[in-house]
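So you can see what is in the structure, the chains are spelled out below.
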Amino acid sequence: MRDSPDARPGPAAASSAYRIGERSRVPIAAPVPTVPAAARAVPTVPAAARAVPTVPTTPAAARAVPTVPTAAPALPQVEAPVPVLDWTDCGGGFQCATAAVPVDHSRPRGATLDLALIRRPAADPANRIGTLFANPGGPGVSGVDFVRTAPPPALAIATRRFDLVGWDPRGVGASGQLDCGPVDFPAALPRPGQTDEAAWVRAGRDFGRGCRDRNRALLPHLSTADTARDLDLLRQAVGDDRLSYFGISYGTLIGATYASLFPGRARVLLLDAAVDPEVYLHRPLEARQEQVSAFERGLSRFFTACARDQVACAGFGGADPEAAFDALVARADAAPVPAPDAPGAEPLTGDDILNVAEDVVYRKASWPFFARGLAQAQAGDGSLLQLANQPSPGFSGDLSVVTRALDQDYPRQPRPFLTTGRFAGRAFPHFGWLSGYLELPFGLLPVEAANPYRGAFRNPASAPPVLVIGTAYDTATPYVWAQRLTAQLGNARLLTYQGDGHAALTDLNLCIVQHGFRYLEEGVLPAAGSSC
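Residues numbered from 1 in each chain as written. Predicted model: local features only at pLDDT ≥ 70, side-chain atom pairs only at ≥ 80, totals over all residues. Heavy atoms only, no water.

Trainee: How should the nonpolar core be read in this particular structure?
Mentor: Proteins that are soluble and globular tend to have nonpolar side chains buried together. With 116 residues, the main nonpolar core has Phe 302, Phe 325 and Phe 370 as its most contacted residues. Apart from the residues lying within four places of it in its own chain, the contact partners of Phe 302 are Cys 313, Trp 367, Phe 370, Ala 371 and Leu 374. Of all hydrophobic cores here, the second largest spans 31 residues; its members include Phe 94, Leu 132, Ala 158 and Leu 495. (Core = buried A, V, L, I, M, F, W, Y, C linked by side-chain atoms within 4.5 Å. Buried < 20%, exposed > 50% of the residue type's maximum accessible area, 1.4 Å probe, protein only. Contact = heavy atoms within 4.5 Å.)

Here is the structure:
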């Protein structure tokens with residue numbers, strides 16, 4: 001939960017159980033330049049790559065209630081004061097400000113909280129379109145950090161004709177980081193035959209009670225709908241008549257919520273690595289299993305590529321890298337592998353390897369590093385993999401849990417989670433631990449959202465169209481979610497990226513960037529059926 005060793009669910013850190021699709025540990029793609037050149041050339045996986053079976057049907061006991069779209073709460077007609085932004089230099093060509101927004105949007109002139117913003121001004125002020133708001137996903141990821149640490153080529157593209165603005169959503173980072181206190185979660189990942197179910201239930205309840213008791217005034221106001229309403233105030237604060245927005249992963253849910261709550265107020269909405277609001281909000285246990293199935297397929301594609309090019313894979317696994325991987329996990333379970341050069345020199349366990357594997361499938365550029373780490377661990381040194389298993393301070397695990405608990409129609413009793421966890425452990429050999437048990441805190445939070453929005457999600461025909469980007473082998477937000485979101489919004493166009501990993505624009509693929517920024521700058525959609 002909290003992104004620290006003493007308060008998170010074992011070595012899972014703030015794993016994908018607590019975010020839709022954002023890595024929470026050190027991005028392991030960073031050390032790739034140190035990998036020998038021969039190991040960097042990871043081959044493209046052919047179409048005949050080993051298929052992972054379609055996600056099994058969720059057990060009946062684990063199904064959420066049928067969808068009942070809810071109208072937006074009838075908020076007061078009195079509008080909240082538009083925040084006044086006092087931009088000041090904060091180094092590196094960036095400007096920073098804070099925006100006061102209502103804690104409770106149903107009381108627009110009541111208590112306020114401050115949101116942190118960062119801006120990179122447009123490079124060509126004479127041809128400036130307005131402000132492009134960017135959200136990197138989560139929930140719980142800092143938009144300020146996302147903009148400040150963006151690669152220079154990405155910044156140059158984004159600021160050609162826009163001021164680029166990122167913000168920390170309420171409860172994240174500099175916008176009042178949510179703290180739910182320490183919780184004693186089980187140290188080990190929940191795996192078949194090794195799970196103390198009572199301890200997971202107890203920890204889920206403890207987290208919920210502690211979080212409620214520490215944050216009573218704020219907690220009901222941390223839903224996605226609250227963030228979308230904040231975004232509309234930020235749009236007004238920068239002086240834009242209509243919103244220009246780019247959201248990744250969970251950021252696509254913010255965008256879809258904005259389009260539905262404020263029809264016609266968006267100029268352009270680019271939604272990359274889309275969330276399917278229908279399954280995510282109303283059948284969340286099923287949504288998690290769809291995601292876990294995509295994780296399994298992503299890891300299978302790594303194994304297939306590794307078998308086809310052993311040079312690129314540092315010699316790991318020979319003709320059957322999957323068998324070698326499973327054997328290494330079992331060996332590390334029985335006797336952790338020494339990791340003398342890792343921070344703290346903590347030996348590498350089987351759980352650690354599975355955690356790193358979960359991160360690896362987010363980005364294909366990480367595959368060479370992972371292969372080299374597996375080869376080293378197989379040879380008796382787990383340092384490289386343990387280096388990749390370190391928590392990142394830029395993710396708010398507590399906020400992520402709370403927002404998901406407020407948004408999603410999870411069961412409110414433990415049994416469906418335990419049933420799902422047992423099922424997932426059998427159905428998904430490498431990532432079943434992500435489903436069921438780790439979701440308990442979402443259902444056991446004893447707080448309801450004050451002003452939620454759970455559908456319907458529509459972009460009216462009278463509004464500018466939305467551009468949705470889906471990656472064919474996305475591991476965190478399966479491609480089918482992009483297809484479904486496009487259909488639900490109605491007035492939307494799907495652009496497909498034939499790639500691996502999570503999200504497309506952040507890979508800086510030239511075709512995707514050209515289509516994406518032509519849409520953002522000119523409002524021109526790719527042709528129907530376009531693919532990169």
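Picking up after the structure, the text goes on.
Trainee: What am I meant to see in the sheet that holds strand β5 (residues 162-167) here?
Mentor: Sheet strands pair by backbone hydrogen bonding; their relative direction is either parallel or antiparallel. Strand order in the open sheet formed by 9 strands is β1-β2-β3-β5-β4-β6-β7-β8-β9, with mixed pairing between adjacent strands. Edge positions in the sheet fall to β1 (88-89) and β9 (492-500), since each has one partner strand and no second. Alignment of strand β3 (residues 112-120) against β5, held across 4 bridges, turns out to be antiparallel. When the bridges of β5 are listed, Leu 117 appears paired with Trp 167. Of the strands in this sheet, β2 (95-102), β3, β4 (130-135), β5 and β6 (243-248) touch helix α5 (residues 224-237), which is tilted by about 120° from β2. (Pairing = 2+ DSSP bridges. Helix = DSSP H or I, 4+ residues; strand = E, 2+ residues; numbered from the N terminus. Axes fitted to C-alpha atoms, helices over the stretch in contact; angles between N-to-C directions.)

Trainee: What am I meant to see in the environment of Ala 375 here?
Mentor: One can find Ala 375 in helix α11 (residues 367-378). Its relative accessible area of 19% is what places Ala 375 among the buried residues. Sequence separation of Ala 375 and Ala 324 is 51 residues, and the distance between their C-alpha atoms is 9.8 Å. The residues touching Ala 375, leaving out its near neighbours within four places in the chain, are Ala 314 and Phe 316.

Trainee: It is not clear to me how the packing of helix α8 (residues 284-308) against helix α9 (residues 321-334) should be interpreted in this structure. Could you clarify?
Mentor: Helix packing geometry: the angle between the two helix axes and the distance between the axes. Two elements in contact, α8 and α9, have axes separated by 8 Å at closest approach and are oriented at 115°. On α9, the residues that touch Leu 299, Phe 303, Cys 306 and Ala 307 of α8 are Pro 321, Glu 322 and Phe 325. Looking at the contact of α8 with α9 residue by residue, the classes come out as 6 nonpolar, no polar and 1 charged. (Nonpolar A, V, L, I, M, F, W, Y, C, P; charged D, E, K, R; others polar.)

Trainee: Just checking my understanding: could you explain the state of the cysteines for this structure?
Mentor: A full pass over the atoms with the stated rule returns 4 disulfides. Covalently, Cys 90 is tied to Cys 96 through a disulfide, its sulfur atoms 2.2 Å apart. Every disulfide takes its handedness from the sign of the S-S torsion; for Cys 90 and Cys 96 that torsion is 75°, giving right-handed. Cys 511 shares a disulfide with Cys 532; S-S distance 1.9 Å. Where Cys 511 bonds to Cys 532 through sulfur, the torsion about that S-S bond is close to -60°, and the disulfide is left-handed. You can see Cys 511 sitting in helix α17 (residues 510-522) and its partner Cys 532 sitting in the segment after α17, a full 21 residues away along the chain. Accessibility expressed as a relative area gives 27% for Cys 511, which makes it partly exposed. Once the disulfide-bonded cysteines of the protein chain are ranked by sequence position, their pairing pattern turns out to be 1-2, 3-4, 5-6, 7-8. (Disulfide = S-S within 2.5 Å.)

Trainee: I would appreciate a short explanation of unusual backbone geometry in the present structure.
Mentor: Among all residues except glycine, the phi angle is most often negative; among peptide bonds, the trans geometry is most common. Note that the residue after Gly 138, namely Pro 139, is joined by a cis bond; omega there is -5°. Relative to the helices and strands, Pro 139 is located in the loop between β4 and α2 (143-148). Phi at Ala 314 is positive, roughly 55°, even though this residue is not glycine. Tracing the backbone shows Ala 314 in the loop between α8 and α9.

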